[in-house]
Amino acid sequence: MICACVIVLALGVRAGAQGRGGRGPAAPAGPPPTAKASAPVDLTGYWVSLVTEDWRYRMTLAPKGDTDGVPLNEAGKAFAAAWDPAKDEAAGEQCRAYGAAAIMRMPERLHITWQDDDTLKMDIDAGTQTRILGFNPSQAKGGDWQGVSQASWDRPKSRMAVGFFAPQGDWGGGLKVATTRMKPGYLRRNGVPYSANAVLTEYYDRFDVPGGDILMVVSAEVDDPMYMISPFWTSTHYKKQNDATGWNPTPCSAR
Amino acid sequence: MSEKSTPLKKGTKTGILMLAISIAGAPLFAQFGPPPPPRASEKAEPSPGVDLTGYWTPPMHEDALERGGGSELGDYAGFALSEAGRLWALSYDPSRVTLKHHQCDAYVAPYQMRAIGNFRIWEERDPHNQTLVAIHIWGQTTEGHRVVWMDGRPHPPAWAPHTFRGFSTGKFMGNALYIETSHMKQGWLRRNGTPQSDQATVKEFIVLHGDHLTDTTIITDPVFLTEPEVRSNDYFRQPVDHHAWLYACDDGEQITGRAPDKVPHYLLGQQPYANEYALRYKLPLIAGLGGAESMYPEFLAKLKTATEADFKAKLQADTTRPAATSRAADPEPHDGEIHVLPLRNDVYMLVGDGGNITVQVGDEGALVIDTGEGKLSDKVIETIRRLNPRPIQFIVNTSFRAEHTGGNLKLGAAGADLSLPGSFFGLQSPAGATGQEIDPAHHATLIAHNNVQIHMQEAKLPPDAIPADTFLEDRRRKFHNGDSMEMFWEPNAVTDGDSIVQLRRADVIATGDIFTTTQYPFIDLKNGGSVQGEIKALNDILNRTVYEHEEDGGTMIVPGHGYLCNEHEVLEYRDMMVIVRDRVLDMIKKGATLAQVKAFRVTADYDTRYGASSGPWTTDMFVEAVYADLKKSQK
């Protein structure tokens, strides 16, 4: 009798499961929802960076060879030791520290909008840069400072379909962005390098602080075996603004 | 509770039954009888959660110097420090950690999360219904054990003790574990003296992306910050136990022969290393001195234009501003009720009638240390009776001041010293008369230093409110209810009649107004108080305390006013008293007048914690007392 109870009750749970992630009955036929329509979180708007960590590296120009905290290999250290901002300026490469792998660390403001239903656009006043975060696969060649970014919604989920044992509820979620095909640049303005083969993985989370501000935290991983012995991890936080106050596009600077 | 939930015994009828019940929920209970009454854990909102358990290590790619070797002095960039916070930090001398009581200072919760070393997270579940009771976070450095209660319990009241890790409650919000933490001790935002006060609270989000865990802390500190301080920390998952969870620390003599009233610090405006950070890295001098503006992109422009004068102005208090006042939470309930905080071994702290009351109960009758203001004495008596119906036998006063003796009359009359009937005192009692001296069987015995009696007699208080059992020298002792009670006279602390009272077995010390968490020391020069005597008294308390672990726990300190403490709060208070003394003394030696000392704002870094501009004990009164006492001692 007890085993029968288990089966009946388990079926009951399954029948009650609705909606997301393939855990319930099949959804009605039709095109999949757009990224905008299925967003678990709204990241649009103006954001200002709160520079409370790695302050010296982000707000000022650190001395040559000061690579503290970055897991560089010998090639990376040698590259950083040879940094010459004048040479970068002469080559017209003042934006080396404004590439996707580093630009989120700049003191800056962001303006995030939906370019279309499946593409987020991020304008950044530091260096007057724009990142395009597309949810559909891109055939772009990249090779520029911001590379090619593949966006997806990041919800907690199992790797397997687990049927009626699937947990119930809404876990929310964030934005995941994988960026490749970047032009080689600097993780820090003082010449700490990343290569064209670097892979940047970012997780964007929005936190509505009860009784407080709205924050966005970007947890980033830069994986670059050419210059690093292990991935370089940072988390960078922003505070939401009501409007464009303080928006101040500036050109890239090598110093 | 164990760290793992109770496993099902698969294949057994018991296991299947448990599975059935867990899936079915409440309706199935009808088959087996009514459900049990709801547990506290069932009051929490049902919400999904993510699994954060495992072993975690911070890569420390950000702020590697701060989190490893330690930041330079003068590097407070990116912190929204208030003037008080900046000056507190500039006053800090790292040699302070050579002081015995500071050697094992633990980390407050948000700094713990930035510490070097390994972390472990595990769940605690109710073994009967598998609801999530708590999430535990263990940091290897300082053995920082944080307990995040997930069962919906409230935060403790304002008079409850503080710990380095504080009291945390949590719930899942979307894909994050959201935590609120209160009741922390004073500690560090950064290990170079950047302070976080005991009034700080933290809101925190922990999210998991694959094997990348990110913890974001939002620190609000009305004492030392002008804006919330946001910091985020990353951790990667370790697949195996690294077997490195302990952090042994014990204090010892690092500098022998140092006078007990020496606290390493720098005088305001005289921090010799304030420019070292900027000079080392070739930055504008203003770079390290922080403030909320240093967090924002606009500060880039200021870095280009700031002058040396701007830098120097930040090294001392702004003398054009009025003194700040306390932004600390009021620890008094103000609800007309008496609140009981159990301490240890049948010892309790009673809160609500002005000064704190300490009560020891037992078969011999209650021993009451201080009686409050006397406005709620009936409720105090009723509360003590509920703790133990035996009558109050002894009342001990730490001071003659009204906040501590106001209830003497009523509590005394409600008590009885049953050790004395039939003795000389009882035989001398006139028929029908009552009172502690003439009829102890119908009155508690009141004990205090003799100067308490003298002051109360001078004030013409009712005789039965005045301690009759007095002592003259340094110590009075009594074995009561299985514990050793000792009173230690502290001549010339806040007055000339103060005592600290220790219950040795319970390991509780009641300090009277020698130590409070609410105001600057009430140094009553007119009634025999003194700066040096107050410092000595605070050190005498510290000489009798033992912490349990990393400066947390151990000897319980009941302050005259404020929340229950241990030695750490006394230590910070002692440091403050010494530092203010040194500043005023330095100015007196240079010929400063009282007006000049006040104008210099010598207490600027403590005013947001203890300052007052009105009431019975203002910042001005405190500075005037310190100045007058030290000036006198210089003659």
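Rules used in this analysis
- Residues numbered from 1 in each chain as written.
- Chains lettered and ligands numbered in written order.
- Predicted model: local features only at pLDDT ≥ 70, side-chain atom pairs only at ≥ 80, totals over all residues.
- Helix = DSSP H or I, 4+ residues; strand = E, 2+ residues; numbered from the N terminus.
- Contact = placed C-beta atoms within 7 Å.
- Buried ≥ 20, exposed ≤ 12 C-beta atoms within 10 Å, placed from the backbone.
- Pairing = 2+ DSSP bridges.
- Axes fitted to C-alpha atoms, helices over the stretch in contact; angles between N-to-C directions.
- pLDDT = per-residue confidence, 0-100.
- Right-handed = clockwise from strand over helix to strand, strands pointing away.
- Nonpolar A, V, L, I, M, F, W, Y, C, P; charged D, E, K, R; others polar.
- Core = buried A, V, L, I, M, F, W, Y, C linked by C-beta atoms within 7 Å.
- Parallel < 35°, antiparallel > 145°, perpendicular 65-115°, else oblique.
- Left-handed = near helix turned anticlockwise from the far one by under 90°.

Draft legend 1. Here's a closer look at the overall build of chain B. Looking only at helices and strands, chain B features 17 helices and 23 strands. Taking as baseline every contact in chain B between residues at least 6 positions apart, the subset at least 24 positions apart corresponds to 65%.

Draft legend 2. Local environment of unusual backbone geometry. Residue and element names in this part refer to chain B. Of note in this structure, Asp 63 is not a glycine but carries a positive phi near 50 degrees. Positionally, Asp 63 belongs in the loop between strand 1 (54-57) and helix 2 (64-67). On the basis of neighbour counts, which here come to 22 C-beta atoms within 10 Å, the residue Asp 63 falls in the buried class. Backbone geometry places Asp 370, a non-glycine residue, at a positive phi of 70 degrees. Tracing the sequence through the fold places Asp 370 in the loop between strand 15 (366-369) and helix 8 (377-387). Owing to 32 C-beta atoms within 10 Å, Asp 370 belongs among the buried residues under this scheme.

Draft legend 3. Main features of the sheet that holds strand 21 (residues 498-503) of chain B. Residue and element names in this part refer to chain B. Read across the sheet, five strands follow the order 19-20-21-22-23 without closing on themselves; strand pairing throughout is mixed. On the outer flanks of this sheet lie strand 19 (475-480) and strand 23 (556-559), each paired with one strand and no other. Going from strand to strand, the sheet's axes swing by 20 degrees on average, the running direction of each strand aside. Helix-sheet contacts for helix 13 (residues 531-542) involve strand 20 (483-490), strand 21 and strand 22 (508-512), and the interaxial angle to strand 20 is about 160 degrees.

Draft legend 4. Just the confidence of the model for chain B, in detail. For chain B, mean pLDDT is 90; residues scoring 70 or higher make up 89% of the total. Below pLDDT 50 for its whole length, residues 1-47 of chain B participates in 51 contacts with residues either more than four positions away or in separate chains.

Draft legend 5. Region of the structure containing the pairing of strand 23 of chain B. Residues and elements named next belong to chain B. Burial along strand 23 is two-sided: the face carrying Met 556 and Val 558 and the face carrying Ile 557 and Pro 559 are both buried. With four bridges joining them, strand 22 and strand 23 adopt parallel strand pairing. Each bridged residue has a counterpart across the sheet, and for Ile 509 the counterpart in strand 23 is Ile 557. Viewed along the sheet, the connection from strand 22 through helix 13 into strand 23 turns out right-handed.

Draft legend 6. Broad picture of the confidence of the model for chain A. Of the residues in chain A, 88% reach a pLDDT of 70 or more, and the chain-wide mean stands at 89. Confidence drops under pLDDT 50 across residues 1-25 of chain A; counting only partners more than four residues distant or on other chains, this segment forms 30 contacts.

Draft legend 7. Quick peek at the interface of chain B and chain A. Contact residues are listed per partner, giving 45 residues for chain B and 51 residues for chain A. Secondary-structure elements contributing two or more residues to the side of chain B that touches chain A are helix 1 (13-24), helix 2, strand 9 (201-209), strand 10 (212-220), strand 11 (229-238) and helix 6 (299-305) of chain B. Here the element with the most residues in the side of chain B that touches chain A is helix 1 of chain B; it accounts for seven residues. Broken down by class, the residue content of the side of chain B that touches chain A amounts to 27 nonpolar, ten polar and eight charged.

Draft legend 8. Representation of the nonpolar core. Residues Val 368, Val 396 and Val 626 of chain B are the most contacted members of the largest nonpolar core, which totals 211 residues. Those residues in contact with Val 396 of chain B that lie beyond four places of it in its chain are Leu 367, Val 368, Ile 369, Ile 447, Ala 448, Met 487 and Val 501 of chain B.

Draft legend 9. Representation of the sheet that holds strand 13 (residues 347-351) of chain B within the structure. Residue and element names in this part refer to chain B. Strand order in this open sheet of seven strands is 12-13-14-15-16-17-18, and the pairing throughout is mixed. Strands at the two margins of the open sheet, each flanked by one partner only, are strand 12 (339-342) and strand 18 (469-471). Across the sheet, the mean angle from the axis of one strand to that of its neighbour is 20 degrees, orientation sign disregarded. Pairing between strand 14 (residues 357-360) and strand 15: three bridges, direction antiparallel. Bridge pairing links Gln 360 to Leu 367 in strand 15. Of the strands in this sheet, strand 17 (445-449) and strand 18 touch helix 12 (residues 450-458), which is tilted by about 105 degrees from strand 17.

Draft legend 10. Molecular detail of the packing of helix 14 (residues 567-589) of chain B against helix 17 (residues 619-634) of chain B. Residue and element names in this part refer to chain B. Between helix 14 and helix 17, the least distance of the axes is 10 Å, while the angle of their chain directions is 55 degrees. Judged on the interaxial angle alone, helix 17 and helix 14 are oblique. With respect to the hand of their crossing, helix 14 and helix 17 are arranged in right-handed fashion. Touching Val 580, Arg 581, Val 584, Leu 585 and Ile 588 of helix 14 are Val 626, Tyr 627, Leu 630, Lys 631 and Gln 634, all from helix 17.

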